[in-house]
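An overview of the molecular structure
Okay, here's what each chain looks like letter by letter:
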Amino acid sequence: MCELCEKYGDNGGRWYLNPENYARPLYKKVEKGKEKEPMILTELQGPFYYKPLIELKDNPEAFEKMREGYSKFHETMGGQVVSLEDAKKMVEIAQPIARMDCICRRITRATLEDGEQRPRTCLGLGVGMFRWEEWPERYKGGVEFLSTEEAKEHIEHWHKRGMVITIMTFGTPYIGGICLCDYPDCLAIRMRLDYGIKPMLLKGHQVAKVNYEECTGCGTCVQRCQFGAIKMEVTTKKSNIDMTRCFGCGVCTYACPQDAISLIDREKLPGLKEEW
Amino acid sequence: MIPQIEIDKNKCATPYECKKCLQICPQAVFAVAPTKVERFKETAPEDYEVQAVFKDKCVLCMDCVKVCPTGAIKVKVGSS
Ligand code: SF4
Ligand code: SF4
Ligand code: SF4
Ligand code: SF4
Ligand code: SF4
């Protein structure tokens, strides 16, 4: 069981399907809306704060020490990969759902998903979204409220185009968003893959496996994996998924024209069940 | 060695609007963010800043230096 399910799951269920994790308590009233501002600025400046860590890349010992600190912080703000099937269950629990601009891509590539030329990808969840107009910089370009059905279509559309579905928490375990992400513009994928900040993006509850009898070696899936887990084995003319690298996003399963890849439960594989 | 990348803030006035280095870098080294955030207000273009963040990934291709219209970026081989 993943650590988050252990702590926040509902009777052994997946933590993100527990309705309690969508009901963030609205603690104390924010005085004149003052306290929130630095948090939003911190969020928008996110990558700037990783510079001290990245500067240490040449010094493995010091890097490792600092990495632990960053990982600790992300235990309160991070996420996990989810399958399309689970994401559809999530939007049945979460209300309201608002489509908004992807903050990572705005930071890393200076693109704004304006809803016309570049349709938005991110989904913000929860009653906090009703107050989006208070912080126009955070919600640049505005937000658009979606019905459950529209949210399902939205997620499916981007997932089939190759995006990884992830959950983002704001004050773990409270779920703040469902994101549609790719490398390198998604900071969560990037911080996990390149710098080992594990709680920023845990692997999903499933893992992909190729059925060698069905695979024709067309190579389509290889181009799709955002985690570099798939290679083409030239001699056998089959694709090979390194299941220890796979995050279980499912993108490859939808890309395969032969239906040769399936997602299986991580916990059914003793060698992978502790691998998040 | 991690490359040294410096950006002259005085030359790079409105990075979010220019965005040339951010979009050309094959290694996605740069990040842009507002330097302040206010309630009920979008941040002005002058209050943004671009920084070289993922410097360990830089391959010193110099594409960013070439594309920058104001000559704000300097990239050098790192020294210890
Ligand atoms: S986590 Fe993914 S979708 Fe969300 S803001 Fe980052 S890249 Fe965009
Ligand atoms: S192998 Fe498939 S399921 Fe696994 S991470 Fe890559 S695309 Fe996702
Ligand atoms: S897309 Fe399917 S058939 Fe093609 S290489 Fe991948 S697993 Fe094989
Ligand atoms: S030199 Fe090349 S790799 Fe390095 S930051 Fe500039 S564009 Fe990116
Ligand atoms: S290309 Fe030059 S002027 Fe444009 S954003 Fe980058 S550093 Fe600033």
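Look up a bit, the structure's there.
One structure accompanies this document, and this report is about it. Bear in mind that the values here come from a model prediction, so they are computed numbers and not experimental data. (Residues numbered from 1 in each chain as written. Chains lettered and ligands numbered in written order. Predicted model: local features only at pLDDT ≥ 70, side-chain atom pairs only at ≥ 80, totals over all residues. Heavy atoms only, no water.)

A few points about the interface of chain B and chain A
Across the boundary between the two partners, chain B contributes 32 residues, which contact 34 residues of chain A. Taking both sides of the interface into account, the surface hidden between chain B and chain A amounts to around 3000 Å²; carbon and sulfur atoms contribute 55%. Of all residues in chain B, Val37, Arg39 and Phe54 of chain B bury the most surface against chain A, accounting for 22% of the area lost on that side. Counting across the chain B and chain A interface gives five salt bridges. A salt bridge links Glu134 of chain A to Arg39 of chain B; the nearest nitrogen and oxygen atoms lie 3.1 Å apart. Scanning the region where chain B abuts chain A turns up 20 residue pairs in polar contact (both at pLDDT 80 or more). Secondary-structure elements contributing two or more residues to the side of chain B that touches chain A are α2 (20–24), β2 (30–34) and β3 (48–52) of chain B. At five residues, the largest contribution of residues to the side of chain B that touches chain A is made by β2 of chain B. Tallied by class, the residues present in the side of chain B that touches chain A amount to 17 nonpolar, five polar and ten charged. (Contact = heavy atoms within 4.5 Å. Buried area = accessible area lost by both parts, 1.4 Å probe. Salt bridge = Lys/Arg side-chain N within 4 Å of Asp/Glu carboxyl O. Polar contact = N/O pair within 3.5 Å; in protein donor to acceptor, adjacent residues only side chain to side chain. Helix = DSSP H or I, 4+ residues; strand = E, 2+ residues; numbered from the N terminus. Nonpolar A, V, L, I, M, F, W, Y, C, P; charged D, E, K, R; others polar.)

Re the pairing of β2 of chain B
Residue and element names in this part refer to chain B. Counted residue by residue, β2 has five buried out of five residues, so it is predominantly covered. The alternating pattern of β2 places Phe30, Val32 and Pro34 and Ala31 and Ala33 on opposite faces, both of which are buried. The pairing of β2 with β3 spans five bridges and is antiparallel. Bridge pairing in β3 places Phe30 opposite Ala52. (Buried < 20%, exposed > 50% of the residue type's maximum accessible area, 1.4 Å probe, protein only. Pairing = 2+ DSSP bridges.)

Let's talk about the side chain of Lys55 of chain B
Here Lys55 of chain B shows up in the loop between β3 and α3 (63–67). A polar side-chain atom of Lys55 of chain B sits 2.9 Å from a polar atom in the side chain of Glu55 of chain A. Residues contacting Lys55 of chain B, with those up to four places away along its chain left out, are Ile54 and Glu55 of chain A together with Ile2, Pro3, Ile5 and Val29 of chain B.

Everything listed here is a matter of geometry and, on its own, says nothing about what the molecule does.
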